[in-house]
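Each chain is listed here by its residues.
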Amino acid sequence: MQSLAASAVIAEDEPLLAARLKATLAQLWPQLRIAAEVSHGAAAVERALALRPDIVFLDIRMPGMSGLEAAEALAEDWPEGAALPLIVFVTAYDQYALSAFEHAAVDYVLKPVDLDRLGVTCRRLQTTLQSREQPTPDLPPQLVASLGALRSALSRPEPTPVPRLKMIQASIGTTIHIVPLAEVLFFEAADKYINVVTARQAYVIRMPLRQLLQHLDPHEFWQIHRATVVRVEAIATAARDDTGKVALTLKGHPARLTASRLYAHLFKAM
Amino acid sequence: MSRSIRAECTTMLPSAMRRAAGPAARSAPYLGRALRSGVYGVIIGVAIALLRRQSVPDTIIYSVGIALLCWFFIDMGRRLVVAWLYPSRRAESAGTRPGWPGAGWMIAVVLVGSMLGFTGGSELGDLLTGGRSLYFFSKADPRDIIGDLMFVVVPAVVITYFFYSREVLAEREASAQAARRQAAESRLRLLEAQLEPHMFFNTLANLHVLIGVDPPRAQAMLDQLISFLRATLNGSRASEQPLSAEFARIRDYLSLMQVRMEDRLRIGFELPESLAAIPVPPLLLQPLVENSIKHGLEPSVTGGLIDVRASRDGAYLVLRVRDTGVGLGNETRTGTHFGLQQVRERLETLYGSNASLRLEPAGDDEGGTLAIIRLPAPGT
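Here the structure is a predicted model, which means the values were calculated and not measured.

1. Quick look at the overall build of chain A
Move 1: A count of helical and extended segments in chain A gives seven helices and 15 strands.
Move 2: Among the 270 residues that make up chain A, the fraction classed as buried is 39%.

So, in structure tokens, the structure goes:
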């Protein structure tokens, strides 16, 4: 078993814990090459896309982009035809998540890393890698389901119900524009900003997309990509391409949107 | 994690309990007052029979009938007056004690109610005993009228007042109990917040690694953890401590965080010697420092500085917690605002409007967040 050569990227923001994971892995699986060690989610995505490792260890809580968001970004941006790396989440304490992990197709490791437990994980990873003879073009369906379950398990329930947004206040120059939510066709996140697109005009607001999402009615707006949220009623057609992504056209707007493979399951004929 | 859920439960609890108690609780006081009125009727009846040397059973029948009817007319009268005066519940609670229409109205209600009760009760007594009582307006002697009235009106006034004060007392007791429960709950939540499991388990995981690779540093870290735990447990009990103790505690906490974050966390402290002994409520700064870590520096890829300083501004002690993190409104995890709310509540309870907590964007190039507490400090 130990002879299987593979490569991994470790994403962990706490240096001591990263060192411990690396040392334990070296002990359990000497042929596993650590291609990169990074300390935040965005770097994990970037390095993994560049190095194409077999395995990515992702700490759940990291600065900037969380481990879960990094996994979603990897699943969305991974090149077609190449096998997605196996993802192992690492967490010290996330009580809501543990049961989700138990049922998920992804593996997880608890900190402090336990030798025996990590051994089990390593054997499982090796078995999966060996049985994976050729790259699967489609995302493993369990991964899609697991990420969805984990996403909801890890988002803390709000202590008070979040008020639904009625209008967007966007500034253009020094003028504040009041944009009724009913006019918004879709939101597109770019870095720290969100493009708010109506049939006539686009506005920019400064807010993380996940914060905005809490204020939207999930039946009215669907997230179709980690950076895109669209009004369901504004969607005219949805066409799935052979990579598993879904191309959307809108009513009353020329934009073409793409639903990533993680959200492609939303579009099915009745 | 569980903090927010528990917070929800505790705020739901009282109203859920009220709902569960519902109709039974609303009718029980009326029944209780009726029964008590009956018992007082028996006592008054016995007293009158002995005084006037009349038949004890007959007098008791009259007296109980009168007492019950007096209760009925007074309690229902009170209810009608309240319903008529305050058609909406909100107006009612704004004026007087809910359910009580105020002294002037109550005197009228008691007088009218007790006379109706006396008349009705005497008729009822006649029916039951077959006797023919001479009630007051048919009596020739005005002294008898006044005598009879005294036996009805005076007890009615006294008993009504008694019922009223019992209600006031019960309410006071209930609100005192609620206050005690709230204090206990907030202590518990404070403690839970201090020992945030994620922080705790990550610290232990780091300690686990250090024991293997750097035992002396592991020991130092364990010492910090111990003093942090001790201060947290003591602090949740004590009512005040010197400012230097609060600073020492924060130093322990930040040292623990520094093991985890290494050079992503830089620390600055400034506590002038003259302010070290000023008493402050324990764990006052802790939530602010924790917020700086959790919402400011942890989400930041490059990390930054936390600077905690105390200064004096006339009769006020000014405490500043500043970080160079991602700044307000940019945090990746939305918190429950429990920490800030809890600091505000404690300041309000202890100092009223004399103390304040402000949270604002730090107004310089480095960005981040600045929290300022002002509280009155005895002069030196």
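Additional details are given in the paragraphs that follow.
2. Some thoughts on the environment of Val162(A)
Residue and element names in this part refer to chain A.
Move 1: The residue Val162 is located in the loop between helix H6 (141–154) and strand S6 (167–172) in this model.
Move 2: Judged by the 13 C-beta atoms lying within 10 Å of it, Val162 is partly exposed.
Move 3: In this structure Val162 touches Gln214 and His215, once residues within four positions along its chain are discounted.

3. Some details on the sheet that holds strand S14 (residues 246–250) of chain A
Residues and elements named next belong to chain A.
Move 1: Reading across from one edge, S13-S14-S15 is the order of the three strands in this open sheet, with antiparallel pairing throughout. The open sheet has two free edges, formed respectively by strand S13 (235–240) and strand S15 (253–259), since each of these has just one partner strand. Taking each pair of neighbouring strands and ignoring which way they run, the sheet shows an average axis angle of 20°.
Move 2: Looking at chain direction, S14 and S15 are connected through five bridges and run antiparallel. In the sheet register, Val246 faces S15, and the bridge partner there is Ala259.

4. Some details on the pairing of strand S8 (residues 184–190) of chain A
Move 1: Here S8(A) pairs with strand S9 (residues 193–198) of chain A via six bridges, running antiparallel. Looking at the pairing, Phe186(A) lines up with Val197(A) of S9(A).

5. Describing the sheet that holds strand S1 (residues 6–11) of chain A
Residues and elements named next belong to chain A.
Move 1: Overall, parallel pairing links the five strands, which are arranged S2-S1-S3-S4-S5 in an open sheet. At either margin of the open sheet sits one strand with a lone partner, and together these are strand S2 (32–38) and strand S5 (107–110). Averaged over all pairs of adjacent strands, the angle between strand axes in this sheet comes to 20°, irrespective of strand direction.
Move 2: For S1 and strand S3 (residues 55–59), the ladder comprises four bridges, and the chain directions are parallel. Along S3, the bridge assignment pairs Ala8 with Ile55.
Move 3: Against the sheet, helix H3 (residues 67–77) touches S1, S3 and strand S4 (86–91), its axis set at about 150° to S3.

6. Here we look at the packing of helix H6 (residues 197–213) of chain B against helix H8 (residues 243–261) of chain B
Residues and elements named next belong to chain B.
Move 1: Close contact between H6 and H8 brings their axes to 10 Å; oriented N to C, the two are set at 65°. Considering the relative orientation of H6 and H8, their crossing is left-handed. Contacts from Asn202, Thr203 and Asn206 of H6 reach H8 at Leu256, Val259 and Arg260.
Move 2: Classifying every residue of the contact of H6 with H8 by side-chain character gives two nonpolar, three polar and one charged.

7. Here we look at helix H1 (residues 15–28) of chain A
Move 1: Taking 1.5 Å per residue as the helical rise, H1(A) with its 14 residues ought to reach 20 Å, and the 20 Å between its terminal C-alpha atoms agrees with that figure.
Move 2: All of the buried residues in H1(A) are Leu16(A), Leu17(A), Ala18(A), Arg20(A), Leu21(A), Thr24(A) and Leu25(A).

Rules used throughout
Each residue is numbered by its place in its chain's sequence as written, counting from 1. The lettering of chains begins at A and the numbering of ligands begins at 1, in the order of writing. Since the coordinates come from a predicted model, pLDDT governs what is reported: local features require at least 70, and pairs of side-chain atoms require 80 or more to be given and counted, while whole-chain, interface and lining totals use all residues. Numbering of helices and strands runs from the N terminus, with a helix taken as a DSSP run of H or I at least four residues long and a strand as a DSSP run of E at least two residues long. Think of it as a crowd count around each C-beta: if 20 or more other C-beta atoms lie within 10 Å the residue is buried, if 12 or fewer it is exposed, and in between it is partly exposed, with C-beta placed from the backbone throughout. Contacts are defined on C-beta atoms placed from the backbone: any two residues whose C-beta positions lie within 7 Å are in contact. At least two bridges found by DSSP between two strands are what make those strands a pair. Fitting a line to C-alpha atoms yields each axis, with helices limited to the stretch in contact; the angle taken between N-to-C directions then spans 0 to 180 degrees. Left-handed describes a crossing in which the near helix is turned anticlockwise from the far one by less than a right angle; the clockwise case is right-handed. Residue type decides the class: Asp, Glu, Lys and Arg count as charged, Ala, Val, Leu, Ile, Met, Phe, Trp, Tyr, Cys and Pro as nonpolar, and the leftover types, Gly among them, as polar. In a helix, the anticipated span is given by 1.5 Å times the number of residues less one.

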